[in-house]
Structures are given as structure tokens and as C-alpha cells.
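Summary of structural features
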Amino acid sequence: MIGSIKSEWRKLRQRPAYLVGTALVVAVTVLVYSVNYYQFTWPSAANAGQAALNKQALYPADFVLNVIGASFPLGAALAIVLGALTSGAEYGWGTLKTLLTQRPGRLTGLAGRLMAMGLWMGLLSGALYLGGAICSLVIALVDGHSINWPSLAVIAEAVGATWLILACYSLLGLALGIVFRQAAAAVGLGVIYLVLIQTILVRFVSGLSSGYHWLLKAFDGESAGSLVQSFGTAIPDPHTPPALMTGTEAALVLTAYAVALAVVSGGLIWRRDVT
Amino acid sequence: MEPTVIETRGLTKRYRNGVLAVDSVDMSVRRGEVYGFLGPNGAGKTTALRLLVGLIKPTSGSALVAGHSPGDPAGLARVGSLVESAALYPYLSGRENLKVVADLARIPHSRIDSVLAEVDLTSQAHRRFGTYSTGMKQRLGVAAALLKGPELLILDEPTNGLDPQGMAEMRHLIRHLGQGDRTVLLSSHLLGEVEQICDRVGVISQGRLVTESSVAELRGEPGVLVRAEPIDTAQHVLAKAFPAEAISRIDGTLRVSVAPTRGAEISARLAAAGIAVSELRPMERSLEDVFFQLTGEEQGQ
């Protein structure tokens, strides 16, 4: 197992898509901070009062609430892409047969890949929060504002929540890559599912009588959204519907999805011929 | 230690679309030999090799490879393979690719330098795999297969896509790899390649193993073909010089089953008897002749 993890980690850490993807998410965080800072510092006359309040959210005390919003759907979409590339490209390059003819068995090899991908999602989560923390620190220093950080427990919980969301969606991408035996179709369907298919299904279930609304809690997107919302919001938005479930419930649903996707991936890798 | 490294019994693979790719193959590869697995394109060679390394599962039948079922981690630890073409990561260097494989196979990285040297890629190891020529890719694929120091090396058409120079280098490499105790299973549709390299061959056609024997056995006994007039007298003259069972008549010619070097002696005897010889040439079946006969393919196709 250790050999499989080392091998997969070596591939991930040198893969341009992973490096670019991680840099992209951090860059988007920096961009959002920069744009918000500009808008809240030099607002239009009509928004001057609200802007002053919103600007408080850019300081270190609220950085967790700002960053966790990047976990879903932006982070989830990126995780789907990375997961799909991880498994799908092995079919395209034919490297799956190289992996499966080495020493570890099929499931050990897959387990190594899941572990390495999970580690990378942890690194991505850490980079996201580090980027947000640095942005908020710079803004506080520029404004001469006091620097108060959230507690370490809150930061750790938030990083954990982001990791869970990213890990779950990277597994979705990985499973789709295995199902389709290629990356392109997996990326396409995964992202369309995230931004469109699920939205349509949620709208459909919401339109049913209230007796069926418990079904909404089974959607991964609703769970990820609830998990993010469970930390609160830095800048309240009156148009955002309230969370459907508690953070713990949401984490459990996402964990169940992650386990199911890992089992499906393992079953396919175990049973299928590699031609 | 078992005398055979690969043993299959009734090995069969029928794909879901109904195609019978491998049909009841009984194959036996002895320890230490270079075994040529011959067959025309589409005969089932690659499918059979995929079965042997556990990439696909048989519909029926069984196989033992290095003493284990195909795909068993304990067996895979003793088998190096290059199935179809070298499949490695284009964005990693040659050396990094070998590290990926070494980690998976639990081989120390210190072995990488020696396998790179063995395939003559040391100076190119820093370059990305995606920038390699076809020949370099194949050689790196062989290096990856050699990392484990395998007792069995399975190579599937390793000279495919190579230029004549690359093919010659690869043949030389395979001959070198087949020395000593290592067993090499070489699949190919290039008869000259197999004839030059292999000790024994198995010929597969339409999924069935139609024969399995040494190259010399397949070619059969050499002889001398004689076309002379009158043929009855010529046969009578030769029967005095050679055993009767060594002389046969085929399509108006005489075939004398003796070493082709005795052609001059035959010529002299016939001339001394006043027999006009219009043709006298060595008869030696090439592996190509045998192959076409066994697979029912026509030459030139």
C-alpha cells in the first residue's frame, strides 16, 4: 500500500493539471479578495454604508467564512475535473495496464490512488485557507485594522469541511473516469451534473408536496451547501435559502457519498477487463 | 523449481460481443527459453498475453504463470511485461516514470540506473517520455519491465513501429535479455525476427494454437531438389548412393533428404551416368513457409 501511495503521489505532484488547478483556486481567492476590497473601499455613493459593513468581513477574523465559500461549487467543480483526469487519463495513455501488471493487486493500487488524491485535496484545502489568510492579513495591515484570527479549532473544522467536499467530488470525477474509461466524458458529465442536472432535480423535488422534501437532504449538492452554510456567512445574502440540515448531517451524507463512490470505483476496477 | 514457467490448459476468451479471441489454448513455455509466439494480425496473440498477465479474465480454462494464477501479486512480482506498446506518463521524464513503476513494484530506486544502462537510455533519462521517439519509448518500456529483475519477460511485438535500425537494436537487446536463466515470451508477426531470436515457437491462428515446437522441428529436414531427365534413371542412380527412404518423387522432381552441402556429389553422380540435370538446388523450408502452411494465409497477403 505504501508503494502505491508513493507512486501515485509522485504522479500527482508533477502533473501540470494538479499544479495549475491548485494555483487557479488560490488565484481566484486572491482575485475575489482584491475585487471585494476595491468595491468596499471605493463604493458608489448608494452603497457606501453597506460597503463599510461588508469590508469588516475581509479582515482576518472572518477569513474562514470567506474562504469556505470557495469549496462549493467552485472547489467541487475543480475536484471533479482533477478526479476525472486522474482515472480517465490512465485509460487514454494505456498506463492502467502498466500499473496493473506491477506487484500490487488491483484494489491495493486503487486504494493507493485514493489516498494520494485525498492527500492532494488536503493540500488544496490548506492552500486555499493559507491564501485567504494572507489576503486578509495584507488587507488588515494596509487598513491599519486590528488582527484577530479565528480559533484554531474553527480553522481546522473549516479546512476539514472543505477537504470533505473536495474529496467527495474528486471521487465522483474519479468514478466517472473509470465508468467512461476516459477523462473528457467524465469531466463533461461531472460538471454538468454539478451545475445543471442536480439543480433541475432539486427544483423538481422542491415542487413536490412537503412529504417528499426529506429527499432534498440526500442530494450531495444540498449537503455540501449546508456544510458550508453551517459555518455562517461573512456577508449575509437575503437571497440565499436557509441550510436544509446541520453541518454534522451534511458531513455524514457527503461521507456516505464518498464511501459509495469508492466502492463503485473498486468494483469496476476489480471486475473489468483492461483491453 | 517448475520446469515450465507458463502452462495453460484450454485457455479461452470470448468477448461480450461474441468474438472468440482465444480458443482452448494449451501452451507450455519452458524455463530459460526464448519462446516465440507467432501469428498474423488479429490471431489472438495480444489477447492471450493479456490473459497471461491478468489484464483480462478468461471465459474458461486456466493458466499458471510463474507458478501463480495470472494477475496474482505474487506472480506479478516475478514477471515483467510490455503488452502492445510502452504505456508510461508523457509528462514525466524517463527516470521519473521508472520511479513510479519501481515504487509500485517495491523495487529500490538504485536499480533504475542499471536498467537504463541495459536499454541504453541513460543519457536520455531526464527527458520527458512524451518527447521520446517510438524506439526510445519501446526501450523504456522494456526497462520498466526489467526493473523487477523478472524470471519471465513477456514482450508483445516490441519492434512494432520501429525503423530498421531500431528493430535491429531491439532484436539484439532481446537476444541479450534471453541469455541465462531468464525466460522470454516474445510475441510477433515478424517471422524473421522470431527465427533469429527464438528457441521454440507457438503458432496461433484464429485464436487456436496450431503448433508448438522448436524452430528446427518446424522447418523439418533439409534436402536437395533435383530435376533431371530421364527421371526414372536418375532415381535409380541416386538410390545406389543414398538410402531409398531418403529419395522421394514430388511433382516430377526428386527430393533427396540429405544435407544441401551434398548437392555437388549428387550432380557428379548424375553427370557420370549421363543424365541431364536441369535444376539442382537446396530445399530448406523457411519458417515463413511453415507459417503460411499452418495458418492458411497466402504469401504476399
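Residues numbered from 1 in each chain as written. Chains lettered and ligands numbered in written order. Predicted model: local features only at pLDDT ≥ 70, side-chain atom pairs only at ≥ 80, totals over all residues. Heavy atoms only, no water.

All names here are of chain B. Position of Thr183 among the secondary structure elements: in strand β8 (residues 183–188). Within the local environment of Thr183, its side chain forms a polar contact with the backbone nitrogen of Gly32, the two atoms lying 2.8 Å apart. Not counting the four nearest positions on each side in its chain, Thr183 is found in contact with Val5, Val29, Arg30, Arg31, Gly32, Glu33, Glu151, Leu152 and Leu153. (Helix = DSSP H or I, 4+ residues; strand = E, 2+ residues; numbered from the N terminus. Polar contact = N/O pair within 3.5 Å; in protein donor to acceptor, adjacent residues only side chain to side chain. Contact = heavy atoms within 4.5 Å.)

Attention now goes to the environment of Pro236(A). Note on placement: Pro236(A) falls in the loop between α10 (220–229) and α11 (247–271). Note: C-alpha distance between Pro236(A) and Asn54(A) (182 residues apart in sequence) is 9.0 Å.

To continue, consider the sheet that holds β8(B). Residues and elements named next belong to chain B. Spatially, 6 strands are ordered β6-β7-β8-β4-β9-β10 in an open sheet, and the strand pairing comes out mixed. Both outer strands of the open sheet, β6 (79–82) and β10 (208–214), are each paired with one neighbouring strand and no more. The mean inter-strand angle of the sheet, taken between neighbouring strand axes irrespective of direction, is 15°. By the bridge criterion, 5 bridges tie strand β7 (residues 152–156) to β8 in an arrangement that is parallel. When the bridges of β8 are listed, Leu153 appears paired with Val184. (Pairing = 2+ DSSP bridges. Axes fitted to C-alpha atoms, helices over the stretch in contact; angles between N-to-C directions.)

For the rest of this paragraph, the subject is the confidence of the model for chain B. It should be kept in mind that the predicted coordinates are not to be read in detail where pLDDT is low. Residue-level pLDDT values for chain B average 87, and 97% of them are 70 or greater. Of all the helices and strands in chain B, helix α11 (residues 287–295) of chain B carries the lowest mean pLDDT, 73, while helix α3 (residues 94–105) of chain B carries the highest, 94. (pLDDT = per-residue confidence, 0-100.)

Ranked by size, the top nonpolar core spans 60 residues in total, and within it Phe63(A), Phe72(A), Tyr129(A), Ile165(A) and Tyr169(A) carry the most contacts. Elements represented by at least two residues in this core include exactly α2 (16–41), α4 (63–68), α5 (74–93), α7 (106–143), α8 (152–180), α9 (183–207), α10 and α11 of chain A. The element contributing the most residues to this core is α8(A), with 14 residues. Excluding its chain neighbours within four sequence positions, the residues that come into contact with Ile165(A) are Ser71(A), Phe72(A), Ala76(A), Ala224(A), Leu227(A), Val228(A) and Leu254(A). Within the second largest apolar cluster, 48 residues are counted, among which are Leu146(B), Met170(B), Ile197(B) and Phe292(B). (Core = buried A, V, L, I, M, F, W, Y, C linked by side-chain atoms within 4.5 Å. Buried < 20%, exposed > 50% of the residue type's maximum accessible area, 1.4 Å probe, protein only.)

Looking now at the interface of chain B and chain A. Taken together, the contact between chain B and chain A spans 32 residues of the former and 29 residues of the latter. Between chain B and chain A lies a buried interface of about 2800 Å² when both sides are counted; carbon and sulfur atoms form 57% of it. For chain B, the biggest contributors to the area lost against chain A are Leu55(B), Tyr91(B) and Leu104(B); these three give 26% of the whole. The interface formed by chain B and chain A holds 5 salt bridges in total. Between Glu84(B) and Lys97(A) there is a salt bridge, and its shortest N-O distance comes to 3.6 Å. Across the contact surface, chain B and chain A share 16 residue pairs in polar contact (both at pLDDT 80 or more). Put simply, the parts of the chain that give the side of chain B that touches chain A at least two residues each are α2 (73–76), β6 and α3 of chain B. Among the elements that take part in the side of chain B that touches chain A, α3(B) stands out by supplying 7 residues, more than any other. The class makeup of the residues in the side of chain B that touches chain A is 19 nonpolar, 4 polar and 9 charged. (Buried area = accessible area lost by both parts, 1.4 Å probe. Salt bridge = Lys/Arg side-chain N within 4 Å of Asp/Glu carboxyl O. Nonpolar A, V, L, I, M, F, W, Y, C, P; charged D, E, K, R; others polar.)

Further remarks concern the sheet that holds strand β14 (residues 276–283) of chain B. Residues and elements named next belong to chain B. Reading across from one edge, β12-β13-β11-β14 is the order of the 4 strands in this open sheet, with antiparallel pairing throughout. Each having just a single partner strand, β12 (247–250) and β14 make up the two edges of the open sheet. Taken pair by pair, the neighbouring strands of this sheet meet at an average axis angle of 25°, ignoring direction. Summarising the sheet, strand β11 (residues 223–229) and strand β13 (residues 253–256) pair through 3 bridges and their orientation is antiparallel. Of the residues in β13, the one forming a bridge with Leu225 is Arg255. Together, β11, β13 and β14 form the strand contacts of helix α10 (residues 263–272), whose direction differs from that of β14 by roughly 165°.

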